[in-house]
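Residue strings, one per chain:
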Amino acid sequence: GSGRAAYLAALESGADFVVGPLTKERVDELQAIETLPIPILALNRGSAAGVNPTRRSRRILSLSRAPEDGAIQLAAMIWQEGFRNPLVIMPDSAWGNRMQDAFTTAWGSLGGDVRALTILSDEATDNETVATSLATLQSESRIKAVEKAFDAPVDSQARRRTDLDSVALLAPTPQMAREIRPLLRFHYAGKLPVYAPSTIYQADSGITNRDLNGIRFVLPPSAFTRDMAGSTQLHALGLDAAALIDHFYQAGQTQGTLLFGATGDLSVDSTGNVRRRLKPAIIARGKARAI
């Protein structure tokens, strides 16, 4: 009935290691236990509030498919490629807030400052929101004002703001990415390099993926492994969980990469969270190509 009850049942059965649970709420229940006789490899990240990080990192490791890992890596990719003024586009949702917080924190740690943030919501159309963020609406309004003043057409084209050099498209679905990418082109930002998390890509959607050609993103290593083709992300998570059992105690002594896993290159931070480094990729002709 609870994570605590399952853990106690494992103790009574003579287990010497626990893998799981999968939900944040159940992981929180395990983190609240004062004494942990046997170690735990949780398959999600719980809340750090009220938990002693030193005790948790020694007795509990948290392996998960947290999307924040992708946002952190996107910030590093954009920075490493020399861009300093990204436009961050995100949905007005809990997922969007998590991704934006992770990206902004990572960007700030590199020395950057997010100058432009676009939040897509139901209060305005995506076209209006993107146009406002890129300042093309203001440009068009100025042209119309001049035409009205002189009562004659003006041979001029609207322009976007020029202080942006890249786009971080924090889209939770391929559909959202396919809707926003054309709007960037329409509002004169088609040449800006676009970076996105793995959520924008569907391996079996070659034709529709062509709408996303050129977008740089990140994918778990299993996506490029032939013998993992068709496997689910949870399958990859299970493979890494099995491998981490043998490296559990080593995790407390290793500062760098602990394991090159199916979900990413795995390392452990000071709070016991297993961090995943994904593989950089680009969409070309509707297919993911490793960079």
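Below: a short report on this structure. Quantities reported herein were computed from a predicted structural model and do not represent experimental measurements.

Moving on, we get to the overall build of the protein chain. Along its length, the protein chain carries 10 helices and 13 strands. Look at the contacts in the protein chain between residues 6 or more apart in sequence, and 63% of them connect residues 24 or more apart.

Take the sheet that holds strand E9 (residues 259-260) next. Pairing between sheet strands relies on hydrogen bonds along the backbone, with the strands arranged either parallel or antiparallel. Reading across the sheet, the 3 strands line up as E9-E10-E11 and stay open at both edges, with antiparallel pairing between neighbours. What marks the edges here is a single partner per strand, and that holds for E9 and strand E11 (274-277). Pairing analysis gives 4 bridges linking strand E10 (residues 265-268) to E11, with the strands arranged antiparallel. By the bridge assignment, Val-268 is partnered in E11 with Val-274.

For an α-helix, the turn length of 3.6 residues means that residues three or four places apart are oriented alike. Taking 1.5 Å per residue as the helical rise, helix H10 (residues 233-245) with its 13 residues ought to reach 18 Å, and the 19 Å between its terminal C-alpha atoms agrees with that figure. Taken together, the buried positions of H10 are Ala-236, Leu-237, Asp-240, Ala-241 and Leu-244. Burial along H10 is one-sided: seen end-on, the buried residues are contained in an arc of 140°. On the buried face of H10, the contacting elements are strand E1 (18-19), strand E2 (40-42), E9, E10 and E11.

Here the focus is the packing of helix H6 (residues 126-134) against helix H8 (residues 174-186). The interhelical angle for the contact between H6 and H8, taken along N-to-C directions, is 45°, at an axis separation of 10 Å. By the criterion of interaxial angle, the relationship of H6 to H8 is oblique. Regarding H6 and H8, the two cross each other, and that crossing is right-handed. Every residue of H8 that contacts H6 at Asp-126, Asn-127, Val-130 and Leu-134 is listed here: Glu-179, Ile-180, Leu-183, Leu-184 and Phe-186. When its residues are assigned to classes, the contact of H6 with H8 shows 6 nonpolar, 1 polar and 2 charged.

Moving on to the side chain of Asp-165. By the element assignment, Asp-165 lies in the loop between helix H7 (136-150) and strand E6 (166-169). One buried charged residue, Asp-165, remains without a salt bridge, the closest side chain of opposite sign being Arg-84 at 6.9 Å. One polar contact links the side chain of Asp-165 to the main-chain amide nitrogen of Arg-84, over a distance of 2.9 Å. Not counting chain neighbours up to four residues away, the residues in contact with Asp-165 comprise Phe-83, Arg-84, Asn-85, Pro-86, Leu-192 and Pro-193.

Another point: the sheet that holds strand E4 (residues 86-91). Ordered in space as E5-E4-E6-E7-E8-E12-E13, the 7 strands form an open sheet in which the pairing is mixed. Edge positions in the sheet fall to strand E5 (116-120) and strand E13 (287-290), since each of these pairs with one other strand and no more. Recorded for the sheet is a direction-independent mean angle of 30° between the axes of neighbouring strands. One ladder, built from 2 bridges, connects strand E7 (residues 194-196) with strand E8 (residues 216-219); its direction is parallel. Bridge pairing in E8 links Tyr-195 to Arg-216. Sitting on the sheet, helix H4 (residues 68-80) touches E6, E7, E8 and strand E12 (279-284), and the angle it makes with E8 is about 140°. On the sheet, H6 packs against E4 and E5 and is oriented at approximately 170° with respect to E5.

Throughout the structure, instances matching the rule amount to 6 aromatic pairs. Between Trp-79 and Trp-107, the aromatic rings sit 5.2 Å apart at their centres with planes inclined by 80°, giving edge-to-face as the arrangement. Placement of the pair is Trp-79 in helix H4 and Trp-107 in helix H5 (residues 94-109), with a sequence separation of 28 residues. Accessibility expressed as a relative area gives 0% for Trp-107, which makes it buried. An aromatic cluster is built from Phe-17, Phe-248 and Tyr-249, whose rings are joined through pairwise contacts.

By the alternation rule, side chains of E6 split into Ser-166 and Ala-168 and Val-167 and Leu-169, which are all buried. Of the pairings in the sheet, the one linking E4 to E6 comprises 4 bridges and is parallel in character. Residue Ile-89 lies in a different strand from E6, and its bridge partner there is Leu-169. Both E6 and E7 contribute to a ladder of 2 bridges, which runs parallel. For Val-167, the partnering residue across the bridge sits in E7 and is Val-194. Handedness of the crossover joining E6 and E7 through H8: right-handed.

About the criteria used
- Residues numbered from 1 in each chain as written.
- Predicted model: local features only at pLDDT ≥ 70, side-chain atom pairs only at ≥ 80, totals over all residues.
- Heavy atoms only, no water.
- Helix = DSSP H or I, 4+ residues; strand = E, 2+ residues; numbered from the N terminus.
- Contact = heavy atoms within 4.5 Å.
- Pairing = 2+ DSSP bridges.
- Expected span 1.5 Å × (residues − 1).
- Buried < 20%, exposed > 50% of the residue type's maximum accessible area, 1.4 Å probe, protein only.
- Arc of directions from axis to C-beta.
- Axes fitted to C-alpha atoms, helices over the stretch in contact; angles between N-to-C directions.
- Parallel < 35°, antiparallel > 145°, perpendicular 65-115°, else oblique.
- Left-handed = near helix turned anticlockwise from the far one by under 90°.
- Nonpolar A, V, L, I, M, F, W, Y, C, P; charged D, E, K, R; others polar.
- Lys, Arg positive; Asp, Glu negative; His and termini not counted.
- Salt bridge = Lys/Arg side-chain N within 4 Å of Asp/Glu carboxyl O.
- Polar contact = N/O pair within 3.5 Å; in protein donor to acceptor, adjacent residues only side chain to side chain.
- Phe/Tyr/Trp six-rings, centres within 6.5 Å; stacked < 30°, edge-to-face > 60°.
- Right-handed = clockwise from strand over helix to strand, strands pointing away.

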